[in-house]
Amino acid sequence: MHKSTQKARGMAMLVFVNVMWGLSFIFSKTALSEGMPPMTLAFLRYLITAGLMLPLCLKLEHGVRLYEWVPRAFATTLLGITVYFFFEHSGLQRTTASAASLIVSLVPMMTLLFRVCFCRERISLTRWMAVVLSLVGAYLVIVTGSEVGGSSLTGNLLMVGASLCWTGYILTTPKLLESCSSLRVSTWQALAAVVTLAPFALAERGQWVCVSPVAWLCIVLLAAVCSALCYVLYNLAMRVVDSLTVSLSINLNPITACVAGALLLGEQLTGMQLAGGILIVLSMVVDTFATRDAKKP
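Everything numeric in this text was worked out from a predicted model, so none of it was measured. (Residues numbered from 1 in each chain as written. Predicted model: local features only at pLDDT ≥ 70, side-chain atom pairs only at ≥ 80, totals over all residues. Heavy atoms only, no water.)

Engineer: Looking at this structure, how should I read the overall build of the protein chain?
Structural biologist: Within the protein chain one finds 13 helices and zero strands. Moving toward the C terminus, one meets the helices and strands of the protein chain in the order α-α-α-α-α-α-α-α-α-α-α-α-α. What you see for the protein chain is a C-alpha radius of gyration of 19 Å, in line with the 19 Å of a compact globule of 297 residues. Once the C-alpha set of the protein chain is aligned to its principal axes, its extents read approximately 50 × 50 × 40 Å. (Helix = DSSP H or I, 4+ residues; strand = E, 2+ residues; numbered from the N terminus. Rg over C-alpha atoms; globule rule 2.2 N^0.38 Å.)

Structure follows, in structure tokens:
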């Protein structure tokens, strides 16, 4: 296949993946709004995901064993899935999907700040500008929009907790990927998530209610599309699309969630929240180009 055709297909995959990841906030919000308990939703999502990914991993990787990396993989599962979804789903019950997606978009800047504060990484003035833009944007989204249009300060702060968990996941997972394929690691984490989420889901059994077919469709989409399919497409796209494009494509997540939240859920961002969201997205763009320029000879 011609290189330009491969890149075009990779771009299409990136657009699809990031749009679906943006819509995942809408799917989760819909299921939660019908009374699906938060940890039960996470359990069902990963039960289906594991069922889909395990056969694929067995066929391509001939197993899911991680040998000496099991303790680290288990720790990343607890942080990046079990605790993360406690914060995310609890937050989505109290705030809008739009605000939630914008707050989670802070993860790249949180990761950068962690490396600066604890790994003594030195960054350029331009990247510091990106950090400031993201912090100002976060304040506008989290604080000024609280209690407006269904958004609450508690829900927004819970989403900050989710962002911190995902930041920790990003910082601890690369070591696993140095020795194991991403498919093997992701499949193992999905299986481990079923085990770690099960007790919390059972603890919610007194809250289990019948939900509509729409809610069940959302759960299937979260598992089959947003988790399993998007994982495969994302890794395929990264092989043929440059890293700058991959990084910039992440901005589609909050944009998709905000547009879909308005059209499908009737959510509204306040003027200050909208301004904050623009600053957060702008900070990621600035940081991406600053990183590219820093790598130039």
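Moving on from the model shown.
Engineer: What exactly am I supposed to notice about the confidence of the model for the protein chain here?
Structural biologist: On average, residues of the protein chain carry a pLDDT of 88, and 94% of them reach 70 or more. The weakest mean pLDDT in the protein chain belongs to helix α11 (residues 243-249) at 74; the strongest belongs to helix α2 (residues 38-61) at 95. (pLDDT = per-residue confidence, 0-100.)

Engineer: What is the right way to look at the pattern of salt bridges in this model?
Structural biologist: Oppositely charged side chains may form a pair once their charged atoms are brought near each other. Within the structure shown, the criterion is met by four salt bridges. Measuring nitrogen to oxygen at the nearest pair gives 2.8 Å for the salt bridge that ties Glu-121 to Arg-115. Here Arg-115 falls in the partly exposed class, since its relative accessible area comes to 25%. We note a salt bridge from Glu-121 to Arg-127, for which the minimum N-O separation is 3.9 Å. Look at the salt bridges and you will find they share partners, linking Arg-115, Glu-121, Arg-127 and Asp-287 into a network. (Salt bridge = Lys/Arg side-chain N within 4 Å of Asp/Glu carboxyl O. Buried < 20%, exposed > 50% of the residue type's maximum accessible area, 1.4 Å probe, protein only.)

Engineer: Before we go on, may I ask you to explain the packing of aromatic side chains in this structure?
Structural biologist: Applying the stated rule across the entire model yields seven aromatic pairs. Their ring planes at 50° and their centres at 5.2 Å tell us that Trp-21 and Tyr-234 sit as a pair that is tilted. Residue Trp-21 is located in helix α1 (residues 3-33), and its partner Tyr-234 is located in helix α10 (residues 213-240); the two are separated by 213 residues in the primary sequence. Residues Phe-86 and Phe-87 carry aromatic rings whose centres are separated by 5.5 Å and whose planes lie at 70° to one another, so their mutual orientation is edge-to-face. By relative accessible area, Phe-87 is classed as partly exposed at 23%. In textbook terms, an aromatic cluster arises when at least three aromatic residues are bridged by ring pairs, as seen for Tyr-46, Tyr-84, Phe-85, Trp-166 and Tyr-169. (Phe/Tyr/Trp six-rings, centres within 6.5 Å; stacked < 30°, edge-to-face > 60°.)

Engineer: Honestly, helix α12 (residues 252-264) in this entry has me stumped. Any pointers?
Structural biologist: If you check α12, its first and last C-alpha atoms are 17 Å apart, about what 13 residues at 1.5 Å a residue would give, namely 18 Å. Turning to α12, its buried residues number three or more, namely Asn-253, Pro-254, Thr-256, Ala-257, Cys-258, Ala-260 and Gly-261. Just past α12, the residue Gly-266 takes up positive phi, approximately 70°. (Expected span 1.5 Å × (residues − 1).)

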